[in-house]
Amino acid sequence: MTRMSAEERRESVIRAAITEFGRGGYHGTSTEVIAKRVGVSQPYLFRLFKNKRELFLAAALRCLEETPQAFADALERKPGSSPLEAMAAAYMGLIDDRDKLLMQMQTYVAVASAEAAGDHEFGERIRAGWAEIWDQANVAFAGETRQTVDFLGCGMLINVLVALGFPEDHRVWSGLDMSDIRPPR
């Protein structure tokens, strides 16, 4: 059996952290559960990540980093389609992974909790990642801020509906169509 490198083990810990923190939140998830999921000891986990906060931040930033990368890939793969169609399809693909979607939602709660406790550094790192997503969308929409806001707002509503488990045929989805987001004339 081939041994994993420290970097490969770190990646597996981040993936496990996304799943566990997504399901249980920051305060409801122990590092022991994450270590067990990966098959490492808790002391080994703390050799990879200084503490639970650092591990949560790595998992949260990974989710944030994947969004602009998926948008960029979609825009590159589908140069003839509209940025809206390409990025909307890419995002729907990302949130098909329920664990990543839940991690994203837990991240917002963790930032609010950290801010309430006086930890503003944590929120700054998350806000910087989210601002990168906003900037990328705004560039894709040729600086049309209203279109950027509509796209991201629609995406956040989709996050909530998916996280809450609304079936696609439920009335709360009616009228929700990203193709309605049009540039101003």
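Here the structure is a predicted model, which means the values were calculated and not measured. (Residues numbered from 1 in each chain as written. Predicted model: local features only at pLDDT ≥ 70, side-chain atom pairs only at ≥ 80, totals over all residues. Heavy atoms only, no water.)

Visitor: I would appreciate a short explanation of the overall build of the chain in the present structure.
Guide: Scanning the chain from N- to C-terminus turns up eight helices and zero strands. Helices and strands in the chain line up, N terminus first, as α-α-α-α-α-α-α-α. Judged by the C-alpha coordinates and their principal axes, the chain covers about 60 × 40 × 35 Å. Buried positions account for 41% of the 185 residues belonging to the chain. (Helix = DSSP H or I, 4+ residues; strand = E, 2+ residues; numbered from the N terminus. Buried < 20%, exposed > 50% of the residue type's maximum accessible area, 1.4 Å probe, protein only.)

Visitor: Looking at this model, I keep getting lost on the environment of G24. Mind explaining?
Guide: Along the chain, G24 falls in helix α1 (residues 6-24). Through-space distance from the C-alpha of G24 to that of Q106 is 8.4 Å; in sequence the pair is 82 residues apart. Not counting residues within four places of it along the chain, the set of residues in contact with G24 comprises T29 and Q106. (Contact = heavy atoms within 4.5 Å.)

Visitor: Teacher, can you tell me more about the packing of α1 against helix α6 (residues 98-116) here?
Guide: Axis angle and axis distance: for two packed helices, these are the angle between their axes and the distance between the axes, and together they describe the pair. At a minimum axis separation of 7 Å, α1 and α6 run at an interaxial angle of 60 degrees. On the basis of the axis angle, α1 is oblique to α6. Where α1 crosses over α6, the two elements pack in a sense that is left-handed. Each of A17, I18, T19, F21, G22, R23 and G24 in α1 lies in contact with α6, whose residues at this interface are D99, K100, L102, M103 and Q106. Of the residues belonging to the contact of α1 with α6, the class tally is five nonpolar, four polar and three charged. (Axes fitted to C-alpha atoms, helices over the stretch in contact; angles between N-to-C directions. Parallel < 35°, antiparallel > 145°, perpendicular 65-115°, else oblique. Left-handed = near helix turned anticlockwise from the far one by under 90°. Nonpolar A, V, L, I, M, F, W, Y, C, P; charged D, E, K, R; others polar.)

Visitor: In this structure, what is going on with the nonpolar core? I would like to understand it.
Guide: Grouped burial of nonpolar side chains is what soluble globular proteins tend to show. Residues V13, I34, L55, M103, F122, I126 and F151 are the most contacted members of the largest nonpolar core, which totals 50 residues. If you list the elements that add at least two residues to this core, you get α1, α2 (31-38), α3 (42-48), α4 (52-77), α5 (83-95), α6, α7 (120-140) and α8 (145-163). In terms of residue count, the dominant contributor to this core is α4 (twelve residues). Once you skip the residues sitting within four places of it in the chain, I34 turns out to touch V13, A16, A17, E20, F21, T29, L45 and L55. (Core = buried A, V, L, I, M, F, W, Y, C linked by side-chain atoms within 4.5 Å.)

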